[in-house]
Protein chains: 2
Amino acid sequence: MSTTPERPIRADARRNRERILAAARAVFARSGLEAQMDDVADTAGVGVGTVYRHFPTKDALLGELVANRFEEFCAEAEAALADEDGEPFDVFADHLRRNAALVAADAGTRHALMSESEAVWAHAVPARAVLIELNRRLIARAQAAGTMRPDFGADDIPQLMCGLSATMGMTGPGFDWRRHLELLIDAMRSR
Amino acid sequence: MSTTPERPIRADARRNRERILAAARAVFARSGLEAQMDDVADTAGVGVGTVYRHFPTKDALLGELVANRFEEFCAEAEAALADEDGEPFDVFADHLRRNAALVAADAGTRHALMSESEAVWAHAVPARAVLIELNRRLIARAQAAGTMRPDFGADDIPQLMCGLSATMGMTGPGFDWRRHLELLIDAMRSR
DNA sequence: TACGATACGGAGGTATGGTTCCGCTTGTCA
DNA sequence: TGACAAGCGGAACCATACCTCCGTATCGTA
């Protein structure tokens, strides 16, 4: 693909890139998308200019983090798929519970999942497609076992999880994402 | 309550207030919360200063609109409660469907429902409490009829509807709020 | 109609936060 | 080690939007 001579990246640059990503993860997880680029730079111990050298815009930085998150989701799904012994519906439900817990701990991902900005999503498109395909297989297995309602599909998952994420940041009586998720899981059960 | 002599409000001022509210409804419905105060003023055919004379902050204006919306929801619920003939679960489900349709047509309300800002919610607190109480009665009736799962509660509604609202603005395969809502309604059914 | 109180308009103040620019530093290679 | 390229820092720039201020216009009343 790349036709450039690909001079190796300088060691300090690579180190800083990692530091920036780690700092961004921490800062956005704590403060959500409204966290500022200066915060990321300070936390990483670099100047803002350096952040912008590695990521041309804030959305590009967020996109990288979101793509990483989706790769984690995929790893989760692969692990679930590898479990041949558990009851298929329960395996799938536990997979959802683990992913939801990841999201709950990270305000940045939560807001990104609800973001309508193309730029943020662009990088994550391939991983997202893989995740849906893995979900499709998990779902097919549960449906074959007769424990999941037959008209449920992998395409239903994104909007349910997106809706769940939206409520995770809210407080007040009745706001409890674990309860919310269990209701959703019940909706998927065959009856 | 009010101890001021309450000089009657000038006719033009009252007229402008109504114009501003109508304009704000239209502008926020179209563009969501990121619509600007200048847009509202232009649409209403007044200056920004006039908008700020009637509503001290953007949040106060939004709060007024949200409170109005909740009053509509309450009216909906009262109408549903008045229906003694329909199957109680279906009556409740239709009530949810109608409210969801109202929200779907109004990006402003949608974003407001997901907003974590206290200021926006403040005005709507009483109407919100009334709505929950009305929902409680609708739910009790359906549970008494045996068609709604007995462990479902009125406190579950806000987070489900909030989650639903969050997905209404998204596009892409699988994003269809009507489908999402039907899944939620199925989750409430007794089995 | 005249007058005081109330309301209006919209240019500009201010705060916020993403992004750029350029002089300085540091790594890499001969 | 010397020189060049690559990378760095962070002050300044700029765009966006909320909100304020005050001179002008309009309403309601005697």
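Owing to the predicted nature of the structure, the values given are computational and were not obtained by experimental measurement.

Draft legend 1. Expanded view of the relation of the copies chain B and chain A. Screw-axis analysis of chain B against chain A gives a translation of 0.0 Å along the axis, an RMSD of 0.1 Å, and a rotation angle of 180°. As the rotation angle and translation indicate, the two copies are arranged about a two-fold axis. In terms of C-alpha distance to the rotation axis, chain B has G163 of chain B as its closest residue, with the C-alpha 1.8 Å off the axis. Both copies share a contact surface, since 100% of the interface residues of chain B are interface residues in chain A too.

Draft legend 2. A look at the nonpolar core. If you look at the biggest cluster of nonpolar residues, it comprises 116 residues, and the most contacted ones within it are L61, F70 and M188 of chain A together with L61, F70 and M188 of chain B. Among residues more than four places away in sequence, those in contact with F70 of chain A are L113, W121, A124, A127, R128 and L131 of chain A.

Draft legend 3. Region of the structure containing the protein's contact with DNA strand D. Residues in contact with DNA strand D amount to 22 residues; listed here are only the nearest, R10, N16 and T50 of chain A together with Q36 and K58 of chain B. Take G49 of chain A: an N or O atom from its main chain is 3.2 Å from a base nitrogen of DNA strand D. At a separation of 2.7 Å, a phosphate oxygen of DNA strand D approaches a polar side-chain atom of K58 of chain B. Mapped onto the surface near DNA strand D, the elements with two or more residues apiece are α1 (11–31) and α3 (48–54) of chain A together with α1 (11–31) of chain B. Broken down by element, the residue count for the surface near DNA strand D peaks at 5 residues, all from α3 of chain A. For the surface near DNA strand D, the per-class residue count stands at 7 nonpolar, 8 polar and 7 charged.

Draft legend 4. Structural context of the packing of aromatic side chains. Residues and elements named next belong to chain A. Going through the model one piece at a time under the given rule, you end up with 4 aromatic pairs over all chains. For the pair F70 and F73, a centre-to-centre distance of 5.4 Å together with 70° between the ring planes defines the contact as edge-to-face. With a gap of 3 residues between them, F70 and F73 both fall in helix α4 (residues 58–82), about one helical turn apart. Across this residue pair, the class does not change: F70 and F73 are buried. Ring centres 5.7 Å apart and planes at 65° place the aromatic pair F70 and W121 in the edge-to-face group. Taken together, the positions of F70 in helix α4 and W121 in helix α7 (residues 118–122) put the pair 51 residues apart, joining distant regions of the chain. With respect to class, F70 is no different from W121; both count as buried. The cationic tip of R128 hangs over the ring face of W121; the distance from NZ or CZ to the ring centre is 5.7 Å.

Draft legend 5. Representation of the interface of chain B and chain A. In this complex, chain B contributes 33 residues to the contact, which on the side of chain A involves 34 residues. Between chain B and chain A the total buried area reaches about 2800 Å² when both faces are included, carbon and sulfur atoms providing 54% of it. When the area that chain B buries against chain A is broken down by residue, the three leading residues are Q159, L183 and R191 of chain B, summing to 22%. There are 6 salt bridges connecting chain B and chain A. Measuring nitrogen to oxygen at the nearest pair gives 3.1 Å for the salt bridge that ties R149 of chain B to D186 of chain A. Remark: the boundary between chain B and chain A carries 12 residue pairs in polar contact (both at pLDDT 80 or more). Here the side of chain B that touches chain A takes 8 residues from helix α9 (residues 156–168) of chain B, the largest share from any one element.

Draft legend 6. Broad picture of the protein's contact with DNA strand C. What surrounds DNA strand C is a group of 22 residues, the closest being Q36 and K58 of chain A together with R10, N16 and T50 of chain B. Counting only the atoms of DNA strand C within 4 Å of the protein, the fraction contributed by sugar and phosphate is 73%. Contact between DNA strand C and Q36 of chain A: a phosphate oxygen at 2.6 Å from a side-chain N or O atom of the residue. Between a phosphate oxygen of DNA strand C and a side-chain N or O atom of N16 of chain B, the distance comes to 2.4 Å. Of all the secondary-structure elements, those providing two or more residues to the surface near DNA strand C are α1 of chain A together with α1 and α3 (48–54) of chain B. Of the residues forming the surface near DNA strand C, the biggest block, 5 residues, is contributed by α3 of chain B.

Draft legend 7. View of helix α6 (residues 107–114) of chain B. Burial analysis of α6 of chain B places 7 of its 8 residues in the buried class, the great majority of the element. Burial in α6 of chain B covers these residues: A107, G108, T109, R110, A112, L113 and M114 of chain B. Residues of α6 of chain B that are buried in the fold lie against α6 (107–114) of chain A together with α1, α4 (58–82), α5 (88–104), α7 (118–122) and α9 of chain B. Where α6 of chain B begins, the capping side chain belongs to D106 of chain B, and its oxygen is found 2.9 Å from the backbone nitrogen of G108 of chain B.

Draft legend 8. Representation of the domain arrangement of chain A. All names here are of chain A. According to the domain assignment, chain A contains domain 1 (1–55) and domain 2 (57–188). Between the C-alpha centres of domain 1 and domain 2 there is a distance of 27 Å. The partner domain 2 presents 14 residues to the 16 residues of domain 1 that form the contact. Of the roughly 1200 Å² buried between domain 1 and domain 2, counting both surfaces, carbon and sulfur atoms make up 73%. Together, F28, L33 and F55 form the three largest contributors to the area buried by domain 1 at its contact with domain 2, with a combined 44%.

Draft legend 9. Quick look at the pattern of salt bridges. Within this structure, the stated rule accounts for 27 salt bridges over all chains. When the shortest N-O distance is used, the salt bridge between R10 of chain A and D12 of chain A registers 3.0 Å. Note on R10 of chain A: relative accessible area 61%, which makes it exposed. Taking the shortest distance from any N to any O, the salt bridge between R179 of chain B and D151 of chain A comes out at 3.8 Å. One end of the pair, R179 of chain B, is in helix α10 (residues 177–188); the other, D151 of chain A, is in the loop between α8 (125–144) and α9 (156–168), on a second chain. You can call R179 of chain B partly exposed: its relative accessible area is 24%.

Conventions and cut-offs
Residues numbered from 1 in each chain as written. Chains lettered and ligands numbered in written order. Predicted model: local features only at pLDDT ≥ 70, side-chain atom pairs only at ≥ 80, totals over all residues. Heavy atoms only, no water. Least-squares fit on C-alpha atoms with pLDDT ≥ 70 in both. Contact = heavy atoms within 4.5 Å. Core = buried A, V, L, I, M, F, W, Y, C linked by side-chain atoms within 4.5 Å. Buried < 20%, exposed > 50% of the residue type's maximum accessible area, 1.4 Å probe, protein only. Near = heavy atom within 4 Å. Polar contact = N/O pair within 3.5 Å; in protein donor to acceptor, adjacent residues only side chain to side chain. Helix = DSSP H or I, 4+ residues; strand = E, 2+ residues; numbered from the N terminus. Nonpolar A, V, L, I, M, F, W, Y, C, P; charged D, E, K, R; others polar. Phe/Tyr/Trp six-rings, centres within 6.5 Å; stacked < 30°, edge-to-face > 60°. Lys NZ or Arg CZ within 6 Å of the ring centre and 35° of its normal. Buried area = accessible area lost by both parts, 1.4 Å probe. Salt bridge = Lys/Arg side-chain N within 4 Å of Asp/Glu carboxyl O. Domains from an automatic or database assignment.

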